[in-house]
Amino acid sequence: MKVALITGVTGQDGAYLAELLLDKGYMVHGVKRRTSLFNTGRIDHLYQGPHERCRRFVLHHGDLTDSSSLVRIVQQVQPDEIYNLAAQSHVAVSFEEPEYTANSDALGTLRLLEAIRILGLERKTRFYQASTSELYGLVQHIPQSETTPFYPRSPYAVAKLYAYWITVNYREAYGMYACNGILFNHESPIRGETFVTRKITRALARIKLGVQDCLYLGNLDARRDWGHARDYVEMQWMMLQQNEPEDFVIATGSQYSVRDFVDAAARELGIAIDWRGVGINEKGYDAHGKVIVAVDPRYFRPTEVQTLLGDATKARQKLGWTPSTQFSELVAEMVREDLRSAERDELVKHHGYTAFEFNE
Ligand code: NDP
Ligand code: GDR
C-alpha cells in the first residue's frame, strides 16, 4: 500500500486530495495544526478514530513553522509521497501578516525538504509543492505557461516564489523527485469563505433569502482563470506518478472577471443585477432598485494581480489534463450548496434553533 503525507489536509485541496488518495487505496496521513476547536469540518467524513481497525486515514499534529514536528512526522510515516499543501494562502492577509506568511509558505517548504534529506529519504519520497499562478503577478506574457517569467505582487507570492525555487533547487542538487504544480485559481463548495468566489456565492444566497442585505467587494475588474478543485487535485497526484519530476501549469484557459462571477451566481439564483456607476462608486441593483452589491475600498490590495490566464498545453500533452468542470457548472454547484446553508441560517434567524426540532 502506498503511503502519502498531506500537509494542509484540513484545507480545501487537502480534503479533496485525501478523498482521492483513499479511493486509490493509499494509506493517508495528514498534518493538522493545533486549534482550539476541531477545525476538521472538511474531512470529518473521512475520520477514523484511533481505535478503529485497519485505519487508512491518520491525523498528526504539526506545523510548517516547527521543524521538530515535521521531522518527527516524516520519520514516523516514511511517506512515498508528500503533498505540501499547507500555507497561509490568503493573498490579502499576507499584506497584514507578511512575516508569518514567509515563515510558513517559504521556510515551511524548506523545512519539509530538509526533513526528507535529514532522514535520508531523498530516493524514496516524492514531493509535490503547491505553487501558484500568483507567481506571475504583474503578468509578462498572456497566457502564462511554465516558461513565462515570474513577477510576484504580494508577500504571499514572494514567499511562494522562494518555495518554487527551493523545490527546483533540491531536485537539481540532490536528485530528489520534487515538483511544482503551478495551479491557477480553483474553487468548490468547500472553498474558504473569504476567497472571492465563495464570498460571492454565499452572500448572494443569503441575500436571496433575506439573511443579508448587501455584498461588499473590492476590485470587480480583476480577471481570473477559475477551475474546480476536484479536477485540480487529480493533477497533483498525476505529477507524482511520472518517470521524471517536472513542473506543470494547471489551468482551464478561460478567464472571467469578478463582476462576471457575480452575474453568473446571481443568474443561478434568479436575481438580475443592474450595474451602475464606475470605480469605487459602482453598485449592483436588484429588480426593486435596492443596492445588493457595492464596492468597498477596504478590499483593494496594495498591489493587485489584475489578470491571470493559464496555458496548460504541457499538462494536456504529458498528463492528459482536461478540466472536466466548466465555469457555469462550478458556479452552479457552489450556489446550490450555499443556498442550502442559507436556508438553514434563514430558519435559525427567523425561528431560532428550536425550529430544527420541528422541521428536520
Ligand atoms: P486553504 O487555505 O483552504 O488550506 C490551507 C491549509 O494549510 C489548511 O489546512 C491550513 O490549516 C493549513 N495551514 C496553514 N498554515 C499552516 C501552518 N503554519 N502549518 C500547518 N498547516 C498550515 O488552501 P487551499 O486548499 O485552497 O490551497 C492549498 C495550497 O495550494 C495552498 O498552499 C495554496 O497556497 C495553494 N494554491 C491554492 C490555489 C487555489 O486556488 N485554491 C491555487 C494555487 C495554489 P487550517 O485549516 O488550520 O487553517
Ligand atoms: P487570489 O484569490 O488572490 O487570486 O488567490 P481571491 O479569491 O482572494 O481574489 C481573487 C481576485 O478577486 C479580487 N476581489 C476580492 N478578493 C477577495 N478575497 N475578497 C473580495 O472582497 C474581493 N473583491 C475583489 C481580488 O482583489 C483578486 O484580484 C487565490 C488563493 O487561493 C491563493 O492561495 C492562490 O495561490 C491563488 O488563488 C491562485
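For the structure given in this document, a descriptive report is provided here. (Residues numbered from 1 in each chain as written. Chains lettered and ligands numbered in written order. Predicted model: local features only at pLDDT ≥ 70, side-chain atom pairs only at ≥ 80, totals over all residues.)

### Details of the sheet that holds strand β4 (residues 81–84)
- Ordered in space as β3-β2-β1-β4-β5-β6-β11, the seven strands form an open sheet in which the pairing is parallel. Strands at the two margins of the open sheet, each flanked by one partner only, are β3 (57–61) and β11 (248–250). Ignoring which end each strand starts from, the neighbouring axes of this sheet average 20 degrees apart.
- Bridge count for strand β2 (residues 27–32) against β3 is five bridges, and the pairing is parallel. The residue bridging V28 from the neighbouring strand is F57, located in β3.
- Lying on the sheet, helix α1 (residues 12–23) is in contact with β1 (3–7), β2, β3 and β4; it crosses β2 at an angle near 165 degrees. (Pairing = 2+ DSSP bridges. Helix = DSSP H or I, 4+ residues; strand = E, 2+ residues; numbered from the N terminus. Axes fitted to C-alpha atoms, helices over the stretch in contact; angles between N-to-C directions. Contact = placed C-beta atoms within 7 Å.)

### Details of the site of ligand 1
- Taken together, 26 residues lie around ligand 1, and G8, G11, A86, A87 and A130 are the ones closest in.
- Going through the elements one at a time, α1 and β5 (126–132) are the ones with two or more residues in the shell around ligand 1.
- If you tally residues by element for the shell around ligand 1, the top one is α1, at three residues.
- Residue composition of the shell around ligand 1, grouped by class: seven nonpolar, 16 polar and three charged. (Near = placed C-beta within 6 Å. Nonpolar A, V, L, I, M, F, W, Y, C, P; charged D, E, K, R; others polar.)

### Quick look at the sheet that holds strand β13 (residues 274–276)
- Across the sheet, which stays open at both edges, the four strands sit in the order β8-β15-β14-β13 with mixed pairing between neighbours. This sheet does not close on itself; its edge strands, each paired only once, are β8 (215–217) and β13. Geometrically, the sheet is characterised by an average inter-axis angle of 20 degrees between neighbouring strands, direction not taken into account.
- Bridging between strand β14 (residues 283–285) and strand β15 (residues 291–295) involves three bridges; their strand directions are antiparallel. Paired with G284 across the two strands is V293, which belongs to β15.

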